[in-house]
Every structure is written in C-alpha cells, then in structure tokens.
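# Analysis of the macromolecular model
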Amino acid sequence: MFLESEYPELPTCCQQRDHLIGDLENTRKSLQDTQQKFFSLVEYHPLGIIQWNIDFEVLDWNPAAERIFGYSKQEVLKLHIAEILLPSISKEDANQLMTALLKQNGGNYCTNENFTKDGKIIICEWHHTLIFDFQENVTGVLSIVEDITNRKNTYITAYHKAETNLKKSLKELADIKFALDQSSIVAVTTNKGMIEYVNDKFCQISQYQPEELIGKTHRIINSGYHSQEFFQEMWLTISQGKVWKGEVKNLAKDGTYYWVDTTIVPVLDEQDKPQQYVAIRNDITARKQTEITLKKSLKEVADIKFALDQSSIVAVTNNKGMIEYVNDKFCQISQYQPEELIGKTHRIINSGYHSQEFFQEMWLTISQGKVWKGEVKNLAKDGTYYWVDTTIVPLFDEQGKPQQYVAIRNDITARKQAEAELNQKAKELEQALQELQHTQLQLIQTEKMSSLGQLVAGVAHEINNPVNFIFGNLKHAYQYTQNIIKILKLYQYHYPKPDVEIQAETENCDLEFLIDDLPKLYSSMTVGATRISDIVTSLRTFSRLDESDLKVADIHEGLDSTLMILEHRLASKIDRPNILVIKEYSNLPLVKCYAGQLNQVFMNILLNAIDALEENCQQLTPTICIRTVMPNPKQVKISIIDNGVGMSDEVRQKIFDPFFTSKPVGKGTGMGLSISYQIITNRHQGSLECISSPGKGAEFIITIPIHLELES
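Every value quoted in this text rests on a predicted model; they were computed, and no experiment measured them. (Residues numbered from 1 in each chain as written. Predicted model: local features only at pLDDT ≥ 70, side-chain atom pairs only at ≥ 80, totals over all residues. Heavy atoms only, no water.)

### Section: the overall build of the protein chain
Of regular secondary structure, the protein chain possesses 21 helices and 22 strands. For the protein chain, buried positions account for 32% of its 712 residues. Sequence-distant contacts, at least 24 apart, represent 52% of the contacts inside the protein chain between residues at least 6 apart. Taken as a whole, the protein chain presents about 44800 Å² of accessible surface, with 55% of it coming from carbon and sulfur. (Helix = DSSP H or I, 4+ residues; strand = E, 2+ residues; numbered from the N terminus. Buried < 20%, exposed > 50% of the residue type's maximum accessible area, 1.4 Å probe, protein only. Contact = heavy atoms within 4.5 Å. Areas by Shrake-Rupley, 256 points an atom, 1.4 Å probe, with all protein chains shown as cover.)

Next up, the structure:
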C-alpha cells in the first residue's frame, strides 16, 4: 500500500485513470455502434460496395454487388478482381491498373465494361476510395459500383437519335436555304447592318455583284421613298430581338425601282443579343403595280358608284336574288326603308303586271352570265305603280359563276305614261283611219257596184227583149217549117217525078240534107237562146249588188249565178285543163241577207281560188269544191275549197288586211278579201276564216246567221 502522503499525486492519477477507462468504454461502444451502422449501410445500400485488399482480392461483397454481378459473397472472397470482373484482362494488367489507382490521392471515378457470372457484359460506374490505417498506410480499396447499362443504352440511343435528328435538321436547313435561295431574296448582315452574305436573287434584282454589296449597308439600295422614322422603327424592333415585317421600295443599280415584302429575323448569341440579321425578301413589284392599278380602278369605281347613286336606282342582290344593297333613289321611288328591303327579294315590289315567263326569261339570261335589259313595272309601298328601264349585270366568282347581280334602273314612269297616252291616241287614230278607209272603200265599192249593177241590169234588159222575141218566135218558126216539110213530102209522094228544073234545084240544094238538118238547126238555136236567157237571168241575179235592204235570198242561187259569170275563167286554157267545180249543197232555207254583197263575197273568194289554181299548173285536176251546211238551226256555213298552191301561215294571217296581196304587181289590189271580210263580219254579223298551208290548198269558211237583224 502506498501512503497518499508519500504520493500526493496518486488520487489525481486514479481519477484520470477512471476517466480514461470511461472514455475507452464510451469509445468502444461508439465504435461498435458505428460499425453496426456501417454494416447496415453496406448491407442495405442500393449500390454495390466491394472492399479489396492491396492485392486486389475481395475482402467484402454486399448484397447489391451480388445482384449486379451474380456472384455470392462466399464465391468471391479472396478472389482476384481479374478472376471475376475482368476475365479478359490478365492479373498483371489488372494489378497495373489498380497500382495506378493507389498512386492517386483521394477518390477515383471511372466507367468500365464488366462481366457478370453468366458472362454478360454490363457497363458499370465505379467510385474507388483508398483505405488507410492509423499510420496512414494504404490497407485496401473501398469501391462503390452501379450498373448503368440501361441508362447508358438509353443515352446512346438518345445520342444516336439526336445525331440523326441533327443530321436531318441540317439537311432540312440546307434544303430550306436552297429553297430560299431559289425563291426568295436573302441577305445576312452583322448586328451593325454590314452585309455579310447575299444570294443570287438579291444580285439579280438589285443588279449589283456580290463584291459590290459585301461590307456595305443596305443604304446602297435605298430608294429614298421611306421616311427616316420608318427605318428607325425597323431598327428598334430587330435590335430588341424581335422579327420585323414590312414592304420596302428599293432602288436597283440601273435606277429602276422594285418592291420587296421583307422579313428580318435576328440571330441571337448566348446572351440573347442579336449578333446577325437574316433578311428574307420576296419581289412584290408586280403586285404593288397591280395594287396601284386596283386603287385607281377602285377610285374610278367609287366615282362611278357615286355618279350612279346620284342618277340611277341601284340594287345589288346575291345569286339567289336576295337584296344586299339599295341606294337612296331605290328607297325614294319604292317608298321602302333599306331595312325593309335588305334580305328580301324583288317580289316585294312585284306589280303583277308581267307574266311568269317574263321573269323566267330574265333569270335564265342572268344565270348564264349575260346582261339583261328590259322595262319593268313595279309597285311602290303606297300602292302606286312606277316603270323602270332596267339593266342587270352579273358579277362573277373565281369559277366564272354569277355570285351577285347589280341592277341599274332609271325611272321611266313619265315616259311610259306619255307613251301610253300616245299609244291610246295612235290606236284611236288608227281605228278611225281604218274605219274611214273601210267606209271609203265601201262607198267606192258600193258606188262601183251600184253603177255596175245598173249597167248589168240595163244590158240584161236590152238583151232580154230581143232574146225573148227570138225565143218566142222560134216555136212558131219550128211549127211553120214542120208544116212546110210535111207538104213538101206530100208533093214528093204524089209527084215522084218532078220537072227537070225542080229535080236539078233539089239536087243543087241537097234537099234531103236540108230536111234532115233543119230540125237540128232549130234545136241548136233553141239551146243558144236558152243559154242567153240563162246568162241574162244570172246577170239580173248578180245585179242585186246595188240593193241596200235586207231581203230573203237563196244562197245556192247566188253561188250558181256567180259561177255562171265566171264560167269563162273555169274553162280550160293552153297551160291548164278545165277547172272542176264540185257542188255539195245541203237543203238550206232562204237566208235573210244582203244578197248582192254576198254575191260579191262569193265572186272574190272564187276568183282567189281560180288564181291559186292557175299558179299550180302541175295540178292534174284543178278542183273547186263548194259545200253548204247548217251547223246549227240558226246559221248556215258555206265552204269554198281549192287544191291550189296554198299559203304560208304568215300570209294567211294577213290576207284580210287592206291592200295586202301576195299576187304579182298588176294582178290584184289587195282589197277583195278585205271587203269580203267586212261584209261578212260587220254587215252580216258572221265570220270568215281561212284554213291553208303551203301545197295543201285553201279553204274559206263563211258562217252567217239565217235571220239577220237590222243594225242599230
């Protein structure tokens, strides 16, 4: 035992010892705790952790390393790195690599291709750290490894894809540049505006060579057209890294001007500051000239529209007829407000005056792209009518189809009213003139027929007396001659041998012939006298032309008397045979009429038929057929039909007009059928019509009442 008095520092040493023992225990516990944490960290770390000795043999191998390389910890302990991870490298080479690693201070990072247990090559990312002892001697290496094969493959794929895309982009850029050079005017300048590049089209349009432009600014082609503010605004825009677009008028080397549609794109550096400007231009000189022309045309159109609006009634519709625009004059004359008209059709002012065919023809014209002109009667809002002289002009779309219609109208109401009044007066005058002409013709014809009737009656009377005398004495003469012949025959019977003188005279005068021929001569004279008597009777019948009173007459008698007078025209001629007359008479009652005037109608129509037959010389049997019927108990109908040349529809419609004739000059006055028409329609309250066609002959149909009442 030591006495404290002998060793006064002993208590202090003991205390220090106790403290040291406590510290050691704490350190041991702390170290155990740290070791446990390190063990857990190594055991459960997602990355592979491998510990090597200085001979590069495995000392430790965590589960993550097992998963990466496929080896268990027991399989790799004490194995050299070259035996498990680098089988293609010898131990010596592996040792050299590791020796080089040991010479480095601090950690080391590398990426290697390694082999797994099943021989698969994987790409690993390694982090190597040297392990030192307390004397700072290297005792081994701690490696952390990660399998980055998938990530590496993804990166390689992405790299190849990016490389492919880059090549494609470069190709596209080259193509775009080529296309730009072919189609556009391209220039590249510095951020100070000095020209660094121009393409061929720039030189072509500006007429400068590249060497004349490179190093210059665009002032070389400044036309002086634009203001200083124009270029200041442009530079302000592009210097801020923004794209500028505009139209610029430039000056070529030969002094001519040209317009370009310009886009200036800034090319930015790493600080997003413009380092270059790419100007892409397109020649729009032709378009600008067209615009100038168009503006001039629009000005002219505006002036024309103003003039039209001041002078005319204007409306614009779509191709369906819906109103899209009306001017003030349209509203003024129609008395509608614009809002009452826009979106409507022109039916809103339809007066109902024009037929459906009128508007169909109008629409057919304008829908075919043609201009339509006409006069239209419209209805205003207040119910009054107005007339407009209308011109409708189609406006076409790109396919040449009408897309709008412009209707330009002028008010012609006053003119139409004046025309209506003039037409009315003209009609009245024309009617009065026609009535006057008809009256004059009738008076002349009546006077002529009256004189002719008196002459015919006088001639008939003068002829009738001697004819009656002859006709009356012929009977007695016949009786006397028969008595004389009877006595002569008795003499011949009782005195068969007459004297020589009587015999000679008998032979000289051919008594036998005289006795035989004398009755025939008498018969011939009787026939002639009868013929003369019939002609006289016909003349007396026809001479009723001067009678002005209504009388009951036999229609057939009048027809027969007319045929008797025209018998010489019906007889055969050198150039044609006899005209055959066929009578198809029905049993008609006596008709109350102006007989003489009816005979005149028969005469005119029969003469017309004879003339038509004489024109048709090739007809084998020229024929006139006269047919009479009673279509009803109150009327008689007389049809006179020929098989002559006939007539066209145009001629047929005019044959009853005064002074119209289709006959050669000198052969007709054009009054016969006109007077006949007046006699039948006016005097007899009947009808006269003609049915004919070329080469088919003609038929004149007379229809008159049986009992004609006196005119009021």
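### What to know about unusual backbone geometry
Within the chain, Phe 56 stands out as a residue other than glycine whose phi angle is a positive 65°. In this fold, Phe 56 is placed in the loop between strand 1 (48–53) and strand 2 (58–61). Overall, the relative accessible area of 3% leaves Phe 56 in the buried class. The backbone phi angle of Gln 685 is positive, close to 55°, even though this residue is not glycine.

### Side note on helix 21 (residues 672–683)
In this model helix 21 runs 15 Å from its N-terminal to its C-terminal C-alpha over 12 residues, within 8% of the 16 Å that 1.5 Å per residue would give. All of the buried residues along helix 21 are Leu 673, Ser 674, Ile 675, Ser 676, Gln 678, Ile 679, Ile 680 and Thr 681. (Expected span 1.5 Å × (residues − 1).)

### Structural notes on the sheet that holds strand 13 (residues 372–379)
Spatially, 5 strands are ordered 12-11-15-14-13 in an open sheet, and the strand pairing comes out antiparallel. Pairing within the sheet leaves two strands with one partner each, and these edge strands are strand 12 (323–326) and strand 13. Taking the axes of each pair of neighbouring strands and ignoring which way they run, one obtains an average angle of 30° across the sheet. For strand 11 (residues 313–318) and strand 15 (residues 402–411), the ladder comprises 6 bridges, and the chain directions are antiparallel. Considered in strand 15, the bridge of Ile 313 is made with Arg 409. The strands that helix 13 (residues 356–367) touches are strand 13, strand 14 (385–396) and strand 15; relative to strand 13, the one it contacts most, it runs at about 140°. (Pairing = 2+ DSSP bridges. Axes fitted to C-alpha atoms, helices over the stretch in contact; angles between N-to-C directions.)

### What about helix 13?
The end-to-end C-alpha separation of helix 13 is 16 Å, in line with the 16 Å expected for 12 residues at 1.5 Å each. Residues of helix 13 that are buried include every one of Met 362, Thr 365 and Ile 366, and no others. All buried residues of helix 13 project into a common sector of 90° when viewed along the axis, lining one side. Residues Gln 356 and Glu 357 are exposed on helix 13 and point more than 90 degrees away from its buried face. (Arc of directions from axis to C-beta.)

### Some thoughts on the sheet that holds strand 10 (residues 274–283)
One open sheet holds the 5 strands; their spatial order is 7-6-10-9-8, and the pairing between them is antiparallel. A strand with exactly one partner marks an edge of an open sheet, and here the two such strands are strand 7 (195–198) and strand 8 (244–251). Direction aside, the axes of adjacent strands within the sheet are offset by 25° on average. Running at roughly 140° to strand 8, helix 9 (residues 228–239) makes contact with strand 8, strand 9 (257–268) and strand 10 of the sheet.

### Comments concerning the environment of Ile 221
Tracing the backbone shows Ile 221 in the loop between helix 8 (210–213) and helix 9. Considered as a pair, Ile 221 and Tyr 257 are 36 residues apart in the sequence and their alpha carbons are 9.4 Å apart. In this view, Ile 221 contacts Phe 202, Ser 206, Tyr 208, Asn 250, Leu 251 and Tyr 258; residues no more than four positions away in its chain are not counted.

### Structural notes on a nonpolar patch on the surface
A cluster of nonpolar residues, Leu 166, Leu 170, Leu 173 and Ile 176, forms a patch on the protein surface that exposes about 400 Å² of accessible area. Locating Ile 176 in the fold gives a position in helix 6 (residues 149–183). (Patch = residues over 30% accessible without salt bridge, like charges linked within 9 Å, V, L, I, M, F, W, Y side chains within 5 Å. Salt bridge = Lys/Arg side-chain N within 4 Å of Asp/Glu carboxyl O.)

### Examining the nonpolar core
Ile 555, Ile 605, Ile 624, Ile 638, Phe 700, Ile 702 and Ile 704 are the most contacted members of the largest nonpolar core, which totals 39 residues. Secondary structure elements with two or more residues in this core: helix 17 (555–565), strand 18 (591–593), helix 19 (595–615), strand 19 (623–632), strand 20 (635–642), helix 21, strand 21 (687–692) and strand 22 (698–705). The greatest single-element share of this core, amounting to 10 residues, is contributed by helix 19. Ignoring anything within four residues of it in the chain, the contact list for Ile 638 reads Ile 555, Leu 559, Phe 602, Ile 626, Arg 627, Thr 628, Phe 700, Ile 701 and Ile 702. (Core = buried A, V, L, I, M, F, W, Y, C linked by side-chain atoms within 4.5 Å.)

### Describing the pattern of salt bridges
According to the stated counting rule, one finds 23 salt bridges in the structure shown. Measuring nitrogen to oxygen at the nearest pair gives 2.2 Å for the salt bridge that ties Arg 415 to Glu 375. Linking Arg 415 in helix 14 (residues 413–494) with Glu 375 in strand 13, this pair joins segments that are 40 residues apart in sequence. Classification of Arg 415 as partly exposed rests on a relative accessible area of 37%. A salt bridge links Lys 583 to Asp 560; its shortest N-O distance comes to 2.9 Å. Within this pair, whereas Lys 583 is found in strand 17 (residues 580–584), its partner Asp 560 is found in helix 17, the two being separated by 23 residues in sequence. Assessed through its relative accessible area of 30%, Asp 560 is described here as partly exposed. Bridged by salt links that share partners, the residues Arg 569, Lys 573, Arg 576, Asp 611 and Glu 614 form one connected network.

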